[in-house]
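# Coordinate analysis (summary)
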Amino acid sequence: MENNIENTMGNDKNGKRKPVKRNVKRKKVLRKKRTKGMRCLISGGKLVGGIATVLLVLFGLDYLLYPCTFMRNTVTTEAHQDIFLGTSHGKINIDPDVVSEETGRSAHNLCVGGEYAVDAYYLTKLMIETEKPERIIYEVDPGYFVTEKEVGNNYLLFYHEFPLSRAKLEYFQATMMECDFRTAIFPWYEYIFKYDLEKVWETVYQKWMHNYDVSFLKGSTQEYHESGFIERYPVDTTQLSMENEALKLFTRDSVKQQNMEYLERLIDLCRENDIEFVAVSTPVPASTLVAYEANYQDAWNYFAEFFEKEDVRYLNFNREYYDLFPHDISNYTDYDGHMNKEAAMR
């Protein structure tokens, strides 16, 4: 047994037996390698454990603090024949249920306040990837083509609700890379100082129970519908002031080319996938159209020319189809053109 450890027995010059050390150095090297390997393994395990802990904490904070917004209900991967894309004017002025009663086609409203052409483009890519619609009706607000999209939470509003998909990855690369890094890693940070304890428990309850009923989205001035439509309650229009409205006025010189490029890409995307594309501008109060007549006429002419060149049908309810909807301020909740529910549901 001793011969198997470190020493073997040999004879010295006097013929006496004595231990002879063999392979001791090699065995020490092997022992050092084993020790080093164990240390690396332990270090690697600690690194993986640390990363897992960080991810778990981030997920937990997102679960607790990121609210269940209307976007969770708006961004749909269900099949619909008609999809409405556009801005808050489309969100509040277009009721898909009313449209469906006239057309006999299923419809959903994917318009969102702050939705620029870039958002509409990637939302359409998501739908093509999941459930392709037959027709896209794109609501055109001229003001969104002379302003740039606010970087940050406005992109996150869309990105956070995209399901895992190729479209989500492409949207991240095209938009989120420009944002403050906290927007993607800590999506809840803009909400952390706005929450009270009651709201946190409500958020956790909804997520834990998978209860995203639209009743949670009802407020004092509006309520959300399953179809994606937001119903605005009537207001006392005598208290409204046009001077207090932050209107985005159109001029040709102010057009942001990136916005127009994404609109062109959206039209091309629909053509490539056999999706009918229709453009529409919803009604604006007559008093606003008169006060800023030069800006609106410039806008209507610009987009009429653009869509004619693109061979796209353009329905403008402030010009050719003016008489089909009311333009008196009593039908609106502001001078910007957001209708109350009675006007929108006609």
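The next subject is the sheet that holds strand β4 (residues 107-109). An order of β4-β3-β5-β8-β9 is seen for the five strands of this open sheet, with the pairing classed as parallel. Looking at strand neighbours, the two that pair on one side only are β4 and β9 (313-316), the edges of this open sheet. Looking at each pair of strands side by side, their axes are set apart by 20° on average, direction ignored. With four bridges connecting them, strand β8 (residues 276-281) and β9 associate as parallel partners.

One non-glycine residue with positive phi stands out, namely Asp274, at about 55°. By the element assignment, Asp274 lies in the loop between α10 (257-272) and β8. We classify Asp274 as exposed; its relative accessible area is 70%.

With that out of the way, let us pick up the confidence of the model for the chain. When pLDDT is averaged along the chain, the result is 84; 78% of the residues meet or exceed 70. Across residues 1-7, confidence stays below pLDDT 50; counting only partners more than four residues off in sequence or on other chains, it has twelve contacts.

A few words now on the nonpolar core. In this structure, Leu85, Tyr138, Phe145, Leu263, Phe277, Phe303 and Phe307 are the most contacted members of the largest nonpolar core, which totals 53 residues. Breaking this core down by element, the ones donating at least two residues are β3 (82-85), α5 (117-129), β5 (135-139), α6 (153-159), α7 (166-174), α10, β8 and α12 (293-309). Per-element tally for this core: the top contributor is α5, with eight residues. Contact partners of Phe145, with chain neighbours within four places excluded, come to Ala117, Tyr138, Val140, Ser254, Val255, Lys256, Asn259, Met260, Leu263 and Phe303.

Per the stated rule, a full pass over the model turns up 18 aromatic pairs. An angle of 50° between the planes, with centres 5.8 Å apart, marks the rings of Phe250 and Phe303 as tilted. Of this pair, Phe250 sits in the loop between β7 (230-232) and α10 while Phe303 sits in helix α12, and the two are 53 residues apart along the sequence. Of the two residues, Phe250 and Phe303, both sit in the buried class. Measuring from ring centre to ring centre gives 5.1 Å for Phe306 and Phe307, while their planes differ by 70°; the resulting arrangement is edge-to-face. Accessibility classification places Phe306 together with Phe307 in one group, the buried group. Taking NZ or CZ as reference, Lys248 lies 4.0 Å from the ring centre of Tyr144, over its face. Above the face of the Tyr121 ring, Arg265 is positioned so that its terminal group lies 4.6 Å from the ring centre.

In this fold, Thr237 is placed in the loop between β7 and α10. Beyond its immediate sequence surroundings of up to four residues, Thr237 is in contact with Ile329, Ser330 and Tyr332.

Turning our attention to the packing of α10 against α12. Packed helices, taken two at a time, are described by the angle their axes make and the gap between the axes. Look at α10 against α12: their axes get within 12 Å of each other, and the N-to-C directions meet at 35°. For α10 against α12, the interelement crossing comes out right-handed. Between α10 and α12, the residues in contact are Met260, Leu263, Glu264 and Ile267 and Tyr302, Phe303, Phe306 and Phe307, respectively. Classifying every residue of the contact of α10 with α12 by side-chain character gives seven nonpolar, no polar and one charged.

Calculation rules
Residues numbered from 1 in each chain as written. Predicted model: local features only at pLDDT ≥ 70, side-chain atom pairs only at ≥ 80, totals over all residues. Heavy atoms only, no water. Pairing = 2+ DSSP bridges. Helix = DSSP H or I, 4+ residues; strand = E, 2+ residues; numbered from the N terminus. Axes fitted to C-alpha atoms, helices over the stretch in contact; angles between N-to-C directions. Buried < 20%, exposed > 50% of the residue type's maximum accessible area, 1.4 Å probe, protein only. pLDDT = per-residue confidence, 0-100. Contact = heavy atoms within 4.5 Å. Core = buried A, V, L, I, M, F, W, Y, C linked by side-chain atoms within 4.5 Å. Phe/Tyr/Trp six-rings, centres within 6.5 Å; stacked < 30°, edge-to-face > 60°. Lys NZ or Arg CZ within 6 Å of the ring centre and 35° of its normal. Left-handed = near helix turned anticlockwise from the far one by under 90°. Nonpolar A, V, L, I, M, F, W, Y, C, P; charged D, E, K, R; others polar.

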